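Spelled out from the first residue to the last, the chains are:
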Amino acid sequence: MSIESGSSLQTFNDCPRKYQYRYEKLLDGKGYSSALGLGSLVHAYTEVWSGKGRADAVAQEFKAIKDRIDPEQWAQLEMDLKKAAGIHSSWLAAWSAEHPFGNDKWEWLYSEQEFTFPVNEDGDLHAGKMDGIIRHKEWDKVFVYEMKTAADREHDSYVHRLGVDRQVTANIYAAQQLGFHVDGILYDIIWKPMIRQKKEETEGELAARFISTMAAVPDHYFQREVMYRKKEDIVEHLADVRAQFDAIDIARSSRFYRNSGACDKFGSLCTFYSACMEGGVELESLFVKRSRKLPELSDAIQRSQDANSENQ
C-alpha cells in the first residue's frame with residue numbers, strides 16, 4: 001500500500017519523473033525558496049494567532065528553515081520573517097471582525113487538522129492537512145478554512161482553478177469523514193506584490209515597502225472566496241484519486257516518464273532539471289535526503305500507513 005498527499009498527487013500529474021525524485025527517492029533541492037518559505041511562515045503566524053495550534057509555531061518554522069539553508073541565505077529568511085509578520089497584521093486589519101480568530105461572527109474550532117482516508121480496497125491512503133475548521137456563529141455553518149499566498153498575477157484564473165481544485169474536494173470530504181457537517185471551504189487568498197529590490201535598498205527597507213504596498217490597497221491584496229462541492233463532485237473526485245494511485249503503481253512497475261512541459265514554470269527551472277537531463281550526475285551531491293515521504297505531515301500519519309501495511 002502507499003500513502004499520498006494532495007501535493008504528491010499534483011506533482012505526479014505535473015511530471016512523473018519529478019514525483020519519482022521527490023517522493024520515491026525522497027530528494028529535496030538544496031537552498032532556500034523564498035516563495036515556499038514565506039508561505040510557510042505566514043501559515044505559522046495563522047496557527048499561533050488561532051489559539052488552537054502550536055504557540056511557538058513561528059519560532060519552530062523559522063528554526064527548521066534556518067537549520068537546512070546556507071548561511072548566505074539567512075538574510076533572505078529574516079526578511080521573509082518580517083514580511084510574514086507584516087502580511088499577517090495587514091490581513092487581520094483588512095478583515096477586522098470578519099477574520100476567523102474568535103469574534104462575534106466566526107469561531108475557530110481546529111487548527112492544522114490532519115487527516116487520512118482510504119481510497120481503495122488495497123488500503124492506499126490519501127493524507128493531508130487543513131489550515132483550520134471554522135464555524136460562522138450567526139449562520140451556524142461549518143467551513144474548512146484554507147489560506148493561500150500567491151503571486152499577484154491574474155486573479156481570476158487562480159480563482160477559477162480553485163473552483164475545480166482537487167484539494168478543495170479532498171478537504172471537504174476528509175472533514176466529513178472526521179465527523180464534521182461541513183458546508184463548504186472558505187479560502188483566504190493573499191496576493192504577494194511583485195516588487196523588486198531597488199538599487200541601494202536594504203532588505204529591511206524592501207520588506208517595509210512590501211508590507212506598506214499591501215496595507216495601502218487591502219481590497220486588492222486580500223481576497224476571500226467560498227467554495228462548495230456537490231455529492232456528485234466528491235464521488236467523481238474519489239474515482240479520480242483511485243485512478244491516480246493506479247497510475248503511480250504502473251509507473252513504479254515500468255517507468256516514471258518525463259513531462260517537458262513542467263521543466264520551466266514561471267521562468268524558473270525545475271529543481272531536478274540537471275539530474276533529469278544529465279543522467280550520470282550523482283544525485284547525493286545535488287540534493288538532500290529526507291527521512292519521510294510527506295515531511296509536512298506528522299509522524300502519526302506515517303504510523304497510520306505502517307499500521308495499515310501490517311494489516312494487509
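Residues numbered from 1 in each chain as written. Predicted model: local features only at pLDDT ≥ 70, side-chain atom pairs only at ≥ 80, totals over all residues. Heavy atoms only, no water.

Trainee: Sorry, what's going on with the overall build of the chain here?
Mentor: Counting its secondary structure elements, the chain contains 13 helices and ten strands. For 312 residues, the compact-globule estimate of 2.2 N^0.38 gives 20 Å, and the chain sits close to it at 20 Å. When its C-alpha atoms are laid out on the principal axes, the chain stretches across 55 × 50 × 35 Å. Out of the 312 residues belonging to the chain, those deemed buried represent 45%. Taking the intrachain contacts of the chain between residues at least 6 apart in sequence as the baseline, contacts between residues at least 24 apart amount to 72%. About 16500 Å² of surface is accessible on the chain, with carbon and sulfur atoms providing 49% of the total. Charge separation in the chain, taken as the distance between the mean sites of 40 positive and 50 negative side-chain charges, equals 2 Å. (Helix = DSSP H or I, 4+ residues; strand = E, 2+ residues; numbered from the N terminus. Rg over C-alpha atoms; globule rule 2.2 N^0.38 Å. Buried < 20%, exposed > 50% of the residue type's maximum accessible area, 1.4 Å probe, protein only. Contact = heavy atoms within 4.5 Å. Areas by Shrake-Rupley, 256 points an atom, 1.4 Å probe, with all protein chains shown as cover. Lys, Arg positive; Asp, Glu negative; His and termini not counted. Charge placed at Lys NZ, Arg CZ, Asp CG, Glu CD.)

Trainee: Can you help me understand the environment of Val 182 in this one?
Mentor: If you trace the backbone, Val 182 turns up in strand 6 (residues 182-192). Taking the C-alpha atoms as reference points, Val 182 and Phe 143, 39 residues apart in sequence, are found 5.5 Å from one another. If we ignore the near neighbours within four places in the chain, the residues touching Val 182 are Val 142, Phe 143, Val 144, Ile 172, Ala 175 and Gln 176.

Trainee: Can you help me understand helix 1 (residues 6-14) in this one?
Mentor: Residues that lie three or four places apart on an α-helix share one face, since the helix turns once every 3.6 residues. Among the residues of helix 1, Gly 6, Ser 8, Leu 9, Thr 11 and Phe 12 are the ones counted as buried. Residues of helix 1 that are buried sit in contact with strand 1 (3-5), helix 2 (16-24), strand 4 (125-136), helix 7 (166-177) and helix 10 (231-253).

Trainee: How should helix 5 (residues 74-95) be read in this particular structure?
Mentor: For helix 5, built from 22 residues, the straight-helix expectation of 32 Å at 1.5 Å per residue is met to within 8% by its first-to-last C-alpha distance of 32 Å. Listed in full, the buried residues belonging to helix 5 are Leu 77, Met 79, Asp 80, Lys 83, Ala 84, Gly 86, Ile 87, His 88, Ser 90, Trp 91 and Leu 92. On the buried face of helix 5, the contacting elements are helix 3 (34-50), helix 4 (57-67), strand 5 (141-151), strand 6, helix 8 (203-216) and strand 7 (222-227). (Expected span 1.5 Å × (residues − 1).)

Trainee: Hey, could you run me through the pattern of salt bridges in this one?
Mentor: Note on pairing: side chains with opposite charge can pair once their charged atoms come close. With the rule as written, the count across this model stands at 14 salt bridges. Of the charged contacts in the structure, one is a salt bridge between Asp 67 and Lys 63, with a shortest N-O distance of 2.7 Å. Placement of the pair is Asp 67 and Lys 63 together in helix 4, with a separation of four residues, close to one helical turn. The pair formed by Asp 67 and Lys 63 is uniform in burial state, with each residue classed as exposed. Between Glu 201 and Arg 209 there is a salt bridge; the shortest N-O distance is 2.9 Å. Taken together, the shared-partner salt bridges in this structure form one network comprising Glu 4, Glu 24, Asp 249, Arg 252 and Lys 293. (Salt bridge = Lys/Arg side-chain N within 4 Å of Asp/Glu carboxyl O.)

Trainee: Looking at this model, I keep getting lost on a nonpolar patch on the surface. Mind explaining?
Mentor: Together, Leu 269, Tyr 273 and Met 277 make up an exposed nonpolar region whose accessible area comes to about 280 Å². Mapped onto the fold, Leu 269 is located in strand 9 (residues 268-269). (Patch = residues over 30% accessible without salt bridge, like charges linked within 9 Å, V, L, I, M, F, W, Y side chains within 5 Å.)

Trainee: Before we go on, may I ask you to explain the packing of helix 4 against helix 5 in this structure?
Mentor: Helix-helix packing is characterised by the crossing angle of the two axes and by the distance between the axes. Their axes nearest at 11 Å, the elements helix 4 and helix 5 cross at an angle of 160°. As the angle between them shows, helix 4 and helix 5 are arranged roughly antiparallel. Considering only the axes of helix 4 and helix 5, their crossing is right-handed. Along its contact with helix 4, which presents Val 58, Phe 62, Ile 65 and Lys 66, the element helix 5 presents Trp 74, Leu 77, Glu 78 and Leu 81. Residue composition of the contact of helix 4 with helix 5, grouped by class: six nonpolar, no polar and two charged. (Axes fitted to C-alpha atoms, helices over the stretch in contact; angles between N-to-C directions. Parallel < 35°, antiparallel > 145°, perpendicular 65-115°, else oblique. Left-handed = near helix turned anticlockwise from the far one by under 90°. Nonpolar A, V, L, I, M, F, W, Y, C, P; charged D, E, K, R; others polar.)

Trainee: In this structure, what is going on with the pairing of strand 6? I would like to understand it.
Mentor: Regular strands have side chains that alternate between both faces of the sheet. When you tally the buried positions in strand 6, you get ten out of eleven residues, the bulk of the element. Looking at chain direction, strand 5 and strand 6 are connected through ten bridges and run parallel. Looking across to strand 6, one finds that Ala 150 is bridged to Trp 191. Relative to strand 7, strand 6 runs antiparallel, the two being bridged by six bridges. Within strand 7, the position partnered with Ile 189 by the bridge is Gln 223. (Pairing = 2+ DSSP bridges.)

Trainee: Whenever I open this one, the state of the cysteines confuses me. Can you help?
Mentor: The full count for this structure, using the stated rule, is zero disulfides. Cys 263 forms no disulfide, and the closest cysteine sulfur to it belongs to Cys 276, at a distance of 6.3 Å. Here Cys 276 is not cross-linked by a disulfide; its sulfur's nearest cysteine counterpart is in Cys 15, at 6.1 Å. Taking relative accessible area as the criterion, Cys 276 reaches 10% and is therefore assigned buried. (Disulfide = S-S within 2.5 Å.)

Trainee: Mind showing me how you'd approach the pairing of strand 5 here?
Mentor: Where burial is concerned, most of strand 5 is hidden: eight out of the eleven residues are buried. As paired elements, strand 4 and strand 5 share five bridges and run antiparallel to each other. Looking across to strand 5, one finds that Arg 135 is bridged to Val 142. Where strand 4 hands over to strand 5, the hairpin turn is made up of four residues, of which Asp 140 adopts a positive phi near 55°.

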